[in-house]
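In case you want the letters, here they are:
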Amino acid sequence: MTGFIEGRTGTWEVVIGLEVHAQVSSESKLFSGAATTFGAEPNTQVSLVDAAMPGMLPVINQYCVKQAIKTGLGINAKVNLKSVFDRKNYFYPDLPQGYQISQYKQPIIGEGKLTITTEEGEKEIGIERLHLEQDAGKSMHDQHPSKSYIDLNRSGVALMEIVSKPDMRSAEEVGAYIRKLRSIVRYLGTCDGNMQEGSLRCDVNVSVRRIGAELGTRCEIKNVNSIRFVQQAIDYEARRQVDLLENGDPIDQETRLFDASIGETRSMRSKEEAHDYRYFPDPDLLPLEFTQDYVNEIEAELPELPDIKRARFISEFELSAEDAGTLVEEKTTAEFYEILSNGRDKKLSANWMITELFGALNKSGLELNESKVDADAFGDLIDLISDGTISGRIAKDVFGEMFDTGKSASSIVEQKGLRQISDSGVLTVLIEAVLSENQDKVAEFKEGKDKLFGFFVGQVMKRSQGQANPKLVNELLKEKLSG
Amino acid sequence: MSDIVDLNLAELKKAIIDKDLSAKEATEAYLQAMERGAHLNCFISTTADKAIQMAKASDQRIESGNALPLDGIPIGVKDLFCTSGVLTTAGSKMLSNFVPEYESTVTEQLWRDGAVMLGKCNMDEFAMGSANTTSHFGSVENPWTARAEFERQLVPGGSSGGSAAAVSAGLALAATGSDTGGSIRQPASFCGIVGLKPSYGRCSRWGMVAFASSLDQAGPLTRTVQDAAILLTSMAGHDPKDSTSANVSVPNFELALTGDVKGMRVGVPKEYKLEGTPSEIEGLWEKGIEILKAAGASIVDVTLPHTKYALPTYYIIAPAEASSNLARYDGIRYGMRTEQEDLQDMYQKTRRDGFGEEVKRRILIGTYVLSAGYYDAYYLKAQRVRALIKQDFDEAFENVDVLLTPTAPSEAFAIDENDNDPIKMYLNDVFTVPASLAGLPAISIPGGLSNSGLPLGLQIIGKMFDEESVIKAGGVLEMATGSDMQAAGKE
Amino acid sequence: MSLDKTMVQRVSQLARIEIAAAQLDNTAKELNNILDWIEQLNEVDTEGVEPLASVTGHALPQREDTVADGGYPEKVLKNAPDRQLEFFAVPKVVE
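Just so we're clear, the structure is a prediction, and the values are computed from it rather than from any experiment. (Residues numbered from 1 in each chain as written. Chains lettered and ligands numbered in written order. Predicted model: local features only at pLDDT ≥ 70, side-chain atom pairs only at ≥ 80, totals over all residues. Heavy atoms only, no water.)

### Looking at the pairing of strand β2 (residues 74-78) of chain B
Residues and elements named next belong to chain B.
Okay, step 1: Within β2, five of the five residues are buried, which leaves the element mostly enclosed by the surrounding structure.
Okay, step 2: The side-chain alternation of β2 yields two buried faces, one formed by P74, G76 and K78 and the other by I75 and V77.
Okay, step 3: Strand direction decides the pairing type here: β2 and strand β3 (residues 116-121), joined by five bridges, are parallel. Of the residues in β3, the one forming a bridge with V77 is K120.
Okay, step 4: Where the polypeptide runs from β2 across helix α5 (residues 105-112) and back to β3, its parallel neighbour, the crossover connection is right-handed. (Buried < 20%, exposed > 50% of the residue type's maximum accessible area, 1.4 Å probe, protein only. Helix = DSSP H or I, 4+ residues; strand = E, 2+ residues; numbered from the N terminus. Pairing = 2+ DSSP bridges. Right-handed = clockwise from strand over helix to strand, strands pointing away.)

### Examining the pattern of salt bridges
Okay, step 1: Within this structure, the stated rule accounts for 64 salt bridges over all chains.
Okay, step 2: Of the charged contacts, one joins K407 of chain A and E401 of chain A as a salt bridge, the two residues approaching to 3.8 Å between their closest N and O atoms.
Okay, step 3: Classification of K407 of chain A as partly exposed rests on a relative accessible area of 33%.
Okay, step 4: E401 of chain A gets classed as buried once you look at its relative accessible area, which sits at 19%.
Okay, step 5: Here D260 of chain B ties to K262 of chain B by a salt bridge, and the two come within 3.9 Å at their closest N and O atoms.
Okay, step 6: Look at K262 of chain B and you get exposed, because its relative accessible area is 65%. (Salt bridge = Lys/Arg side-chain N within 4 Å of Asp/Glu carboxyl O.)

### Considering the sheet that holds strand β6 (residues 99-102) of chain A
Okay, step 1: The strand order β6-β5-β16 (chain A) describes an open sheet built from three strands, whose pairing is antiparallel. Taken across any chain shown, the strands that pair with only one partner, and hence form the sheet edges, are β6 and β16 (280-281) of chain A.
Okay, step 2: Where strand β5 (residues 86-89) of chain A lies against β6 of chain A, four bridges are found, and the strand directions are antiparallel. Each bridged residue has a counterpart across the sheet, and for R87 of chain A the counterpart in β6 of chain A is I101 of chain A.
Okay, step 3: Along the sheet, helix α11 (residues 310-325) of chain B contacts β5, β6 and β16 of chain A; its crossing angle with β5 of chain A, the most-contacted strand, is approximately 60°. (Contact = heavy atoms within 4.5 Å. Axes fitted to C-alpha atoms, helices over the stretch in contact; angles between N-to-C directions.)

### Regarding the pairing of strand β10 (residues 442-449) of chain B
Residues and elements named next belong to chain B.
Okay, step 1: With seven of its eight residues buried, β10 lies for the most part within the structure.
Okay, step 2: Here strand β5 (residues 194-197) runs beside β10; their pairing, made up of three bridges, is antiparallel. The residue of β10 that forms the bridge with L196 is I443.
Okay, step 3: Pairing of β10 with strand β11 (residues 455-462) involves seven bridges; the strand directions are antiparallel.

### Section: the nonpolar core
Residues and elements named next belong to chain B.
Okay, step 1: By size, the foremost hydrophobic cluster in this structure holds 203 residues, and its most contacted members are F126 and F393.
Okay, step 2: The element that contributes the greatest number of residues to this core is helix α14 (residues 376-396), accounting for 10 residues.
Okay, step 3: Discounting residues that sit within four places of it in the chain, F393 has contacts with Y272, L304, L403, P434, A435, A438, L440 and I461. (Core = buried A, V, L, I, M, F, W, Y, C linked by side-chain atoms within 4.5 Å.)

### A short note on the interface of chain A and chain C
Okay, step 1: Listed per partner, the contact involves 52 residues of chain A and 40 residues of chain C.
Okay, step 2: Across the chain A-chain C interface, the total number found is 22 residue pairs in polar contact (both at pLDDT 80 or more).
Okay, step 3: If you list the elements that add at least two residues to the side of chain A that touches chain C, you get β3 (60-61), α1 (62-74) and β10 (147-151) of chain A.
Okay, step 4: By residue number, the principal contributor to the side of chain A that touches chain C is β10 of chain A, which donates five residues.
Okay, step 5: Residue composition of the side of chain A that touches chain C, by class: 28 nonpolar, 14 polar and 10 charged.
Okay, step 6: Taken together, the four bridges between β10 of chain A and strand β3 (residues 87-91) of chain C define a ladder with antiparallel strand orientation. (Polar contact = N/O pair within 3.5 Å; in protein donor to acceptor, adjacent residues only side chain to side chain. Nonpolar A, V, L, I, M, F, W, Y, C, P; charged D, E, K, R; others polar.)

Structure below.
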């Protein structure tokens, strides 16, 4: 999708901003000491503070503050040495206090940016701010005919809300942005980025406008939890807005939900009134302050981030931009590659990893960390190719067996006698046998049918069960046939 | 056993340690007094069995030579301190069935030190009030009604009205209270006892039903300054569960009672001289000045220019914070619920039914002053004025060590006198609110009697975390005025 | 800044406190009384004055990231006016 919509009356541009809620990978909650693990029995990870019992008070989790700073640094943002927690007041059953502790006018992280890569090339997407806030609990509306059930396990879990500028213009850009952001937080270890479990949720702001015009009225699509759904929601919503505007109807600024089952957005009934959150600084807390030294310490400990790593793979290892991009997207992948390619041919390692290993993983639906072949084992295979012990062709089979059984490359090669035949004497015998059995073809070749060279090579390979060293076979065969 | 209830805390403590009487006997005497004084309605719940149990444990410790600082001391607990396993209502219908499974830090420390819980004291609903007339559990009668032979029932002040009346009537040896705008000091003044509001952050707020977070403070109501000092030493202390709790060490406050104020500089703020204040209160203030002067203190005229704006500032900030703090009372996780089929109806009707009129009024005001379009004009403005009020004190304290003012602008009034006039009720706090806004420690000492024979209080305000000077000066005042108060006698 | 009936209705809705239609005027009157009295704050010149953030002036204390709380669902659910299995129950919310 290029991002422009051809309407009945002309071309429209889609303008998208994203608010991503990233759950901080901490052991305990932002303002309470209850656990944060996913999938626990209802209301077992709820402290008195989370349940908003009378007299309860918040105490901030140092680790969450650090993670927010790390993430801010990872998106090249301004870290605010002083920030304030505000109460966002509204009533909802999954919000026990009747307010959410969030940050309004003075967030911990200010403006930043990140770079995305799409088919059109690289683009910088601006980030408005990042702030810390409490997550709400969960309500279930389908357990009982007339009641909703409330589980407060998630209530109070730390979220980083990352607000982008409305710089995106297509569903593709949005997908790239989410992937990039996800990659960064996973690299930093500040969020596990697991969208199915809800660790990363997106609220999408969509508006449309004529090219060059002022920003149109936007609608917010809340809580979309997969990249695919985000893209579908954008496509639907942009179309919906264009249709309305071309009919002369206005866009109501409202909050909407994406119904994945039908691929459409619809208005959220319960949020019909304009919200007045009556933000004010939380009087149970004081302003959050830390020093630039503290920030510098954190910065010094940051791992190499994907963009830097990718640039290094391209310049130092001479990998293609595409391959480099693939290898750095996940930190675990990059680490695997770095171990694998250590002291080995960088490009060969990259090719084999991307083609063979990823291929096998995709086919079997496994993750890298579930592979029976670890980086060192894979490295052994690369070594056997590099030193000519086996041919590339044979190596693919060996890899297949390594992947299925976890056996080492060497043991498979030995057991199956797959060593490449590089003995010129042995090869000469094979070549002479092939040539003598195919004298008619030899004659045709000598008369000019060059294509038959490949046939001879093929026959030699066949006779040797693929183990003949193809390069050597080529050389020897050339010699033999030229005479 | 009327002798026992006549002993003050320091005296009873000594008697128990010396084994002149047992903790159990003391507690029983108080439980009987509570029965005799039940008509005053000082208590929402009585915890007789628990009290006896605790007293017996105190006796055991004393027997084995392991006495704790407050062993056997029978106290009342204002009903906004969450007490584990004991009904905690905050004076509200909303929490009329609420039994917490946890203990507030302040009361935890009192039990840690061996004190005995007599019961939960009546109070204005959610601490909002100055006469203990907004409680869902009925009003409290000031014991001075009978003592001074008044026909109409007099109020004890508020919001810690039950605590103050209980101590004044000899139904509890001491009591805990909370002070947001004067709720310990003003009732202490009306009931002729001592009430101490420590510096903000001195005592933990964890487990106290919150009214206005940036103002609430726990403190003791007692018969003497020494008793207040003893109790505060146990109540105070940094609590990591309360982010606003100050990490300052707790001295033995009793040691501050040296009786020596020679060279102490006492400020007299001119803005506390209000038109309409009864002359007897002005007279009492003069008396206080003379007492301290005679004791060797120097008197300094000071100015706190923004004093008159303290009340309206308070009545923006406190309701604003309260409107948010009371949002949790929604009938979902605890407390009262008015069943409805629709969720929004349930919220609306539960809160309509569970809160009293004054609480509703303040929630509405608070909601309004925080709402879009009004936040800057009201809440933000109030916080700026608050900064100026604090600055006034900071500047004055560059030249003085404590301030002396009256505690309340009147004696205790009759129960129906301020009906239908919230503002008149708010004016009760005119002398107490400024110190609350600045977070400063302040004590009310019974200074003397009015022409009608009712108690009047004098207030000492100190620097942040300087309760010691407040206690010292208060002690000197008490020594001089004590005889006047004794003369009035108790029932 | 005067409150009218509509504003009172709106505020009571924000605060989720039902006020009977017949009482709206009276409530408006009561609140206006208080708000008029509060108006005097406008007399104070607060140009350049920072709103008071805290009286104690200490820094926001931060705690270690350890699981030291929760894990007591019975205690948490004990006071619930309507408990269903391991959940708090409310009249069904329609979204």
